[in-house]
Amino acid sequence: MDDNQITLVNLEKGSDNPAFSTQGEERLHEESDDPCGETKEEREREGKGRFSSYWRKAVHPASKAKHFCKAHAKAIRKVILGILCLAYLCYFAAACWLNFQRALALVVMTAVVVFFMCWSLFQKHCGAKVLQLLRPCRKCFQKSWPWLKWLLCVVLLGGLVTWLVLDTSRNPEQLISFAGLCFLVLFLFACSKHHGAVSWRAVFWGLGLEFLLGLFILRTTPGVQAFQWLGDQIQFFLSYTTAGSSFVFGNTLIEEVFAFQTLPIIVFFSCVMSILYYLGVMQWLILKISWVLQVSMGTTPTETLSVAGNIFVGQTESPLLIRPYLADMTNSEIHAVMTGGFSTIAGSVMGAYISFGIDAASLIAASVMAAPCALAMSKLVYPEVEESKFKGKESIRLSCGEERNILEAASNGAAASVGLVANIAANLIAFLAVLEFINAALRWFGEMVDIEGLSFQERAESITTFALCGFANFSSIGIMLGGLTSMVPQRKGDFASIVLRALLTGICVSMLNACLAGLLYVPTEVSDCVTFLSNTNFSSTSYAMYTCCKQLFASSVLGENGTLSFTGPWAGVEESVLCLIQCCGHYNHTACAG
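Residues numbered from 1 in each chain as written. Predicted model: local features only at pLDDT ≥ 70, side-chain atom pairs only at ≥ 80, totals over all residues. Heavy atoms only, no water.

Caption draft 1: Inspection of the packing of aromatic side chains at higher detail. Overall, the coordinates contain 9 aromatic pairs when judged by the stated rule. Each ring, one from Phe-183 and one from Phe-187, has its centre 6.3 Å from the other, and the planes form 20 degrees; the classification is stacked. You can see Phe-183 and its partner Phe-187 sitting in helix H6 (residues 174-190), 4 residues apart, about one turn around the helix. (Phe/Tyr/Trp six-rings, centres within 6.5 Å; stacked < 30°, edge-to-face > 60°. Helix = DSSP H or I, 4+ residues; strand = E, 2+ residues; numbered from the N terminus.)

Written out as structure tokens, the structure is:
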């Protein structure tokens, strides 16, 4: 019993009560032994052993399957991909067999995917061998390049002059836009920070790419049809917003109230862009576009990636693509990043513009054309005089979103658009009121000299679409500085010293886009407005729609008793009233008041 006493000395030394020690527990177990001599602990151990044995037997097949899958993971992946490809091939063949015209979009998308897959396989397995074979030709080309580039410049300049003479002879007003383009380039050169260090390769290639894109989009039949088809598909896709907005606001509000009809589109489009960014689709597309710009213009991968990203995302989201490299970028590269942000619009804003009735094809064209122009003018205004750490790097790792799953990406994208929706609503109230005042003033001045219907929507609509396709305004300075400073706080001083020059460049890039649109855009006259308006969907505006609506307004007559009648080609046409309502939705006229 002496050993089990608890004394003061034992407490001071921190001794435990033996009754609660391991030895005490063992004594209790010994005292509680059953008559058969088997302890409770042994029985529990035996029970657990039996359970473990049963569990091991139960999960043994699953363990073997898991081990087999790990050992043959590559083969299983190939088998699954093969089955999926075979299933898609059967589906693709069936779609083309049933209705090839209906499946044309599927054919185009499949062809693009197959092309890039084949190109990737070719680069992986045959790229090095082909480069080795072409090395003699490359050396010969490099030796001939000093005089060959001047010959190429002379040919291109002669072709441009010849084209201008032939093309503008039918529409002399196009020369106004060409003069504006030349003036803006000279003005930006005069504002250059280092005149002697300008990379004219980047300038001419950038303007050349912009011109070729504009020529393809605005003048060629395939380009017009392709971008018109793309614009129609985007409009059709954005119409799915109705499913969500009608559930939240009801059908009456989304049909009659503009704010509930169009602004939810921004939320939907922002959500979709966030999902595509999370899945890596946007990163892949941006990489392909940036590769073309980088190879042709000789710019660094970091600045090129950011400017290419601005075609799809906003001025604060695009620098996130190159966030790990911002701290080490030169001032010229930072200037290019800022100029790209000021010169383009985000995908969500593009969706909002489309919902307002602006031609989707023109918006997409303006956003794509702005990318090479922004890089070119950025290198004209702020040439590179430092040694870039990223010059010659073939690959730059793109940063991904921080979302953990696709649902979080969708939620974050929708939540991020709330502030944008409020900002757009406030600006619409103000600017539409100002625009209506300008239209009224122009109509009043026009009537003084017998010019009826003079307004801001002449030929200028297409040009204005290109001019306004940017974020170059003073409020964007705070957005740009706030976004970049939060990523790289130590370079706040560099950002502040560059931002005003980048803002000026961004403004001029948008105006250069407008000048190029004015140079290339030739409005087509519609011979039969009745057929045109009866078959159009009125989802977006165009010059042809404006001229036909103007004819319909002139043909409408409001009687003294309030009855509406039509004269000229619209007399007796059943769709006259419906077309008039649709035209009034886009343009203001006295005929709409009745």
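Caption draft 2: Region of the structure containing the nonpolar core. Within the largest apolar cluster, 76 residues are counted, with the highest numbers of intra-cluster contacts made by Leu-326, Met-338 and Met-377. The element that contributes the greatest number of residues to this core is helix H16 (residues 360-381), accounting for 14 residues. In this structure, Met-338 is in contact with Met-480, Leu-484, Phe-495, Ile-498, Val-499 and Ala-502, ignoring residues within four places of it in sequence. If you look at the next biggest cluster of nonpolar residues, it comprises 17 residues, including Cys-529, Phe-538, Met-545 and Cys-583. (Core = buried A, V, L, I, M, F, W, Y, C linked by side-chain atoms within 4.5 Å. Buried < 20%, exposed > 50% of the residue type's maximum accessible area, 1.4 Å probe, protein only. Contact = heavy atoms within 4.5 Å.)

Caption draft 3: Spatial organisation of a nonpolar patch on the surface. A contiguous nonpolar patch, built from Trp-444, Phe-445, Met-448, Val-449 and Ile-451 and spanning about 560 Å² of accessible area, is present on the exposed surface. Along the chain, Trp-444 turns up in helix H18 (residues 418-448). (Patch = residues over 30% accessible without salt bridge, like charges linked within 9 Å, V, L, I, M, F, W, Y side chains within 5 Å. Areas by Shrake-Rupley, 256 points an atom, 1.4 Å probe, with all protein chains shown as cover. Salt bridge = Lys/Arg side-chain N within 4 Å of Asp/Glu carboxyl O.)

Caption draft 4: Main features of the state of the cysteines. According to the stated counting rule, one finds 2 disulfides in the structure shown. Paired through a disulfide, Cys-529 and Cys-548 show a sulfur-sulfur distance of 2.3 Å. On the sign convention where negative means left-handed, the S-S torsion of about -75 degrees between Cys-529 and Cys-548 marks this disulfide as left-handed. With Cys-529 in helix H22 (residues 529-535) and Cys-548 in helix H23 (residues 543-555), this residue pair connects regions lying 19 residues apart in the sequence. One disulfide in the model links Cys-549 with Cys-583; its S-S distance is 2.0 Å. Across the S-S bond linking Cys-549 and Cys-583, the dihedral sits near -75 degrees, which makes this disulfide left-handed. (Disulfide = S-S within 2.5 Å.)

Caption draft 5: Region of the structure containing the environment of Ser-476. Within the element layout of this structure, Ser-476 appears in helix H20 (residues 475-487). It is 8.8 Å that separates the C-alpha atoms of Ser-476 and Gln-315, two residues lying 161 residues apart in sequence. With residues near it in sequence (within four places) discarded, Ser-476 still touches Gln-315, Phe-342 and Phe-471.

Caption draft 6: Highlighting the packing of helix H12 (residues 281-297) against helix H13 (residues 301-309). Put simply, H12 and H13 touch, their axes get as near as 8 Å, and they point 125 degrees apart. In terms of their interaxial angle, H12 and H13 are classed as oblique. In the packing of H12 onto H13, the handedness of the crossing is right-handed. When H12 is examined against H13, the residues Ile-286, Leu-287, Ile-289, Ser-290, Leu-293 and Gln-294 are found in contact with a partner set consisting of Pro-301, Thr-304, Leu-305, Ala-308 and Gly-309. Considering only residue class, the contact of H12 with H13 consists of 7 nonpolar, 4 polar and no charged. (Axes fitted to C-alpha atoms, helices over the stretch in contact; angles between N-to-C directions. Parallel < 35°, antiparallel > 145°, perpendicular 65-115°, else oblique. Left-handed = near helix turned anticlockwise from the far one by under 90°. Nonpolar A, V, L, I, M, F, W, Y, C, P; charged D, E, K, R; others polar.)

Caption draft 7: Summary view of the side chain of Thr-110. One can find Thr-110 in helix H5 (residues 104-168). Within the structure, Thr-110 has its side chain in polar contact with the backbone oxygen of Leu-106 (distance 2.7 Å). (Polar contact = N/O pair within 3.5 Å; in protein donor to acceptor, adjacent residues only side chain to side chain.)

Caption draft 8: The confidence of the model for the protein chain, seen in detail. Taken over all residues, the pLDDT of the protein chain has a mean of 76, while the share at 70 or more is 79%. Averaged pLDDT values over the elements of the protein chain bottom out at 45 in helix H1 (residues 8-13) and peak at 90 in helix H4 (residues 73-98). This stretch, residues 1-26, has a pLDDT under 50; its non-local contacts, to residues over four places away or in other chains, come to 9 contacts. When the criterion is pLDDT under 50, residues 28-33 qualifies, and its contacts beyond four places in sequence or with other chains add up to 1 contact. (pLDDT = per-residue confidence, 0-100.)

Caption draft 9: Representation of the side chain of Ser-274 in the model. Note on placement: Ser-274 falls in helix H11 (residues 258-279). Here the side chain of Ser-274 touches Ala-409 through a polar contact of 2.6 Å, landing on its backbone oxygen. Residues contacting Ser-274, with those up to four places away along its chain left out, are Glu-403, Ala-409, Ala-410 and Gly-413.

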